[in-house]
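Structural description and commentary
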Amino acid sequence: MAARLPLIAGNWKMNLNHLEAIGLVQKIAFSLPEKYFAKVEVAVLPPFVDIRSIQTLVDGDKLLIKYGAQDISQHDSGAYTGEVSGPMLKKLACHYVVVGHSERREYHGETDAIVNAKVKAALKHEVTPIFCFGEKLETREAKGHLELVRQQLEAGLKGFTAEQVARIVFAYEPVWAIGTGRTASSADAQEVCSLVRSFVAEKYGEETAAVVRVLYGGSVKSSNISELIAQKDIDGALVGGASLQADEFSKLCALAAGGPLP
Ligand SMILES: O=C(CO)COP(=O)(O)O
């Protein structure tokens, strides 16, 4: 199986203005010298208004940290008040964009069809989509999580070729584990991440399945990252709360790289 570089992506959600963003990225960069980046890819996903400042910092100081956005419009331009397009993100040299986060599905009515269109827009403009999916508590309790994730994958990937799917980062985020302090056990997370890889293998071939990265997200911290990342099909994490603290996030990234701690 091809080696997959672990990815730790910090989803800041609606936190930190552009000045605070600069401070946090500088602290992370200071804590994580170059040697770590051969073993782990580190990305921050700030609010839109912070991205230009982070781009300037990363470019100016030649930092190895990557960055991206938390959402993308399905349209390229036009009368879509409040939206930000793929070409705009590309111009800011965003590496990643989160698509289909449960908070957008829940609070902004994003359906699987919209998520599919947004993944498509990201691929079109060569910004790597971090495609999120996951079940709510009631579905998990009714043991319907594997079926639901399968449906979300079918719908989210509709119409894509194997070449396109190979460029997607998958992120399993069980809704009941987000911001609750309740992490899925590593076995539970592995169960779903393995389903994702089998799904990709079945539909798009073994080669595609071997290269795609599958992340877990939901209350990931420095205290649980090592166990999660040790699972066969978990290639990193999408981190919310813990990505807002420089020390904690750097420690988490260092552990994902296999140490030593900064
Ligand atoms: O939603 C998440 C990342 O996208 C997870 O958030 P927490 O790490 O705060 O649970």
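Going along each chain's sequence as written, the residues are numbered from 1 onward. Local features in a predicted model are, by the rule used here, given only for residues with pLDDT of at least 70; side-chain atom pairs are given and counted only at 80 or more, and totals for whole chains, interfaces and linings are based on all residues.

Turning our eyes to something else, we now look at the overall build of the protein. To qualify as a helix, a DSSP run of H or I must reach at least 4 residues; to qualify as a strand, a run of E must reach at least 2; elements of each kind are numbered from the N terminus. Each helix and strand counted, the protein has 12 helices and eight strands in total. What you see for the protein is a C-alpha radius of gyration of 17 Å, in line with the 18 Å of a compact globule of 262 residues. Its C-alpha atoms give the protein principal-axis dimensions of roughly 45 × 45 × 35 Å. Of all 262 residues assigned to the protein, the portion counted as buried reaches 47%. Looking at the protein alone, contacts between residues at least 24 apart form 72% of all its contacts between residues at least 6 apart. The globule rule used for comparison is 2.2 Å times the number of residues to the exponent 0.38, while the radius of gyration itself is calculated over C-alpha atoms. Whether a residue is buried, exposed or partly exposed follows from its count of other C-beta atoms within 10 Å of its own C-beta, namely 20 or more, 12 or fewer, or something in between, respectively; the C-beta atoms are built from the backbone. We call two residues in contact when the distance between their C-beta atoms, placed using the backbone, is within 7 Å.

Should DSSP find at least two bridges between two strands, the strands are taken to pair. An order of β1-β2-β3-β4-β5-β6-β7-β8 is seen for the eight strands of this closed barrel, with the pairing classed as parallel. Geometrically, the sheet is characterised by an average inter-axis angle of 25° between neighbouring strands, direction not taken into account. Here four bridges tie strand β5 (residues 128–133) to strand β6 (residues 169–172), and the two strands are oriented parallel to one another. Paired with F131 across the bridge in β6 is F170. Of the strands in this sheet, β2 (41–45) and β3 (66–69) touch helix α2 (residues 48–60), which is tilted by about 160° from β3. The axes used here are C-alpha line fits, helices contributing only the stretch in contact, and every angle between their N-to-C directions lies in the interval 0 to 180 degrees. Against the sheet, helix α7 (residues 145–156) contacts β5 and β6, and its axis sits at roughly 145° relative to β5.

Right, let's talk about the site of the ligand for a bit. Using a C-beta atom placed from the backbone for every residue, we mark a residue as near a molecule or strand if that atom lies within 6 Å of it. In the vicinity of the ligand, 14 residues are found, and the nearest of them are N11, I178, G217, G240 and G241. Three categories are distinguished: nonpolar for Ala, Val, Leu, Ile, Met, Phe, Trp, Tyr, Cys and Pro, charged for Asp, Glu, Lys and Arg, and polar for the others, with Gly belonging to the last. A class-by-class count of the residues in the shell around the ligand yields five nonpolar, eight polar and one charged.

Our next topic: the UniProt feature "binding site: substrate" (unreviewed entry) in the protein. UniProt positions are given in the numbering used here, feature names are shortened, and annotations may be inferred rather than shown by experiment. Per the UniProt record, "binding site: substrate" (unreviewed entry) is found at N11, W12, K13, G179, S219, G240 and G241. Taken together, the annotated residues stretch across 231 residues yet fold into one region, lying no more than 13.7 Å apart by C-alpha. Position of N11 relative to the elements: it lies in strand β1 (residues 7–11). By C-beta crowding, N11 is classed as buried, having 28 other C-beta atoms within 10 Å. The contact partners of N11, leaving out residues within four places of it in the chain, are L45, Q70, V98, L238, V239, G240 and S243. With respect to the helices and strands, S219 occurs in the loop between β7 (214–217) and α11 (225–229). According to the C-beta neighbour criterion, S219 is partly exposed, with 19 such atoms within 10 Å. For S219, the contacting residues outside a window of four places in its chain are A177, T180, G181, R182 and T183.

The interhelical angle for the contact between helix α1 (residues 18–31) and helix α12 (residues 246–256), taken along N-to-C directions, is 40°, at an axis separation of 9 Å. Looking at the two axes, α1 sits oblique to α12. Pair α1 / α12 crosses with right-handed handedness. Note on element contacts: α12 touches α1 through A246, F249 and S250, opposite L24, K27, I28 and S31. For the contact of α1 with α12, a count of residues per class yields four nonpolar, two polar and one charged. Note on terminology: angles under 35 degrees are roughly parallel, angles over 145 are roughly antiparallel, angles of 65 to 115 are roughly perpendicular, and the others are oblique. Here a crossing is called left-handed whenever its near helix is offset anticlockwise from the far helix by less than a right angle, and right-handed whenever the offset is clockwise.

A few words now on the UniProt feature "active site" (unreviewed entry) in the protein. UniProt records the feature "active site" (unreviewed entry) at H101 and E173, using the numbering of this structure. Spanning 73 residues, the named residues nonetheless gather at one spot, since no C-alpha pair among them exceeds 8.2 Å. Relative to the helices and strands, H101 is located in the loop between β4 (96–99) and α4 (102–107). Owing to 28 C-beta atoms within 10 Å, H101 belongs among the buried residues under this scheme. Once residues lying within four places of it in the same chain are set aside, the contact partners of H101 are Q70 and C132. Its place among the elements puts E173 in the loop between β6 and α9 (186–204).

Once that is clear, we can look at the nonpolar core. Core analysis: the largest hydrophobic core is formed by 79 residues, its most contacted members being V97, I130, Y172 and C253. It is α12 that contributes the most residues to this core, six residues altogether. The contact partners of Y172, leaving out residues within four places of it in the chain, are F133, G134, V149, A189, V192, C193, V196, V214 and Y216. In these notes, a nonpolar core means any group of buried Ala, Val, Leu, Ile, Met, Phe, Trp, Tyr and Cys residues linked to one another through C-beta atoms within 7 Å.

With that settled, the discussion passes to α9. Helix length check: α9 (19 residues) gives 26 Å between terminal C-alpha atoms against 27 Å at 1.5 Å per residue, within 8%. Taken together, the buried positions of α9 are A189, Q190, V192, C193, V196, R197 and V200. Tucked inside the fold, the buried residues of α9 contact α7, α8 (162–165), β6, α10 (206–211), β7 and α11. Within two residues after α9, G205 carries a phi angle of roughly 100°, on the positive side. In this scheme, a helix's expected span is set at 1.5 Å multiplied by one less than its residue total.

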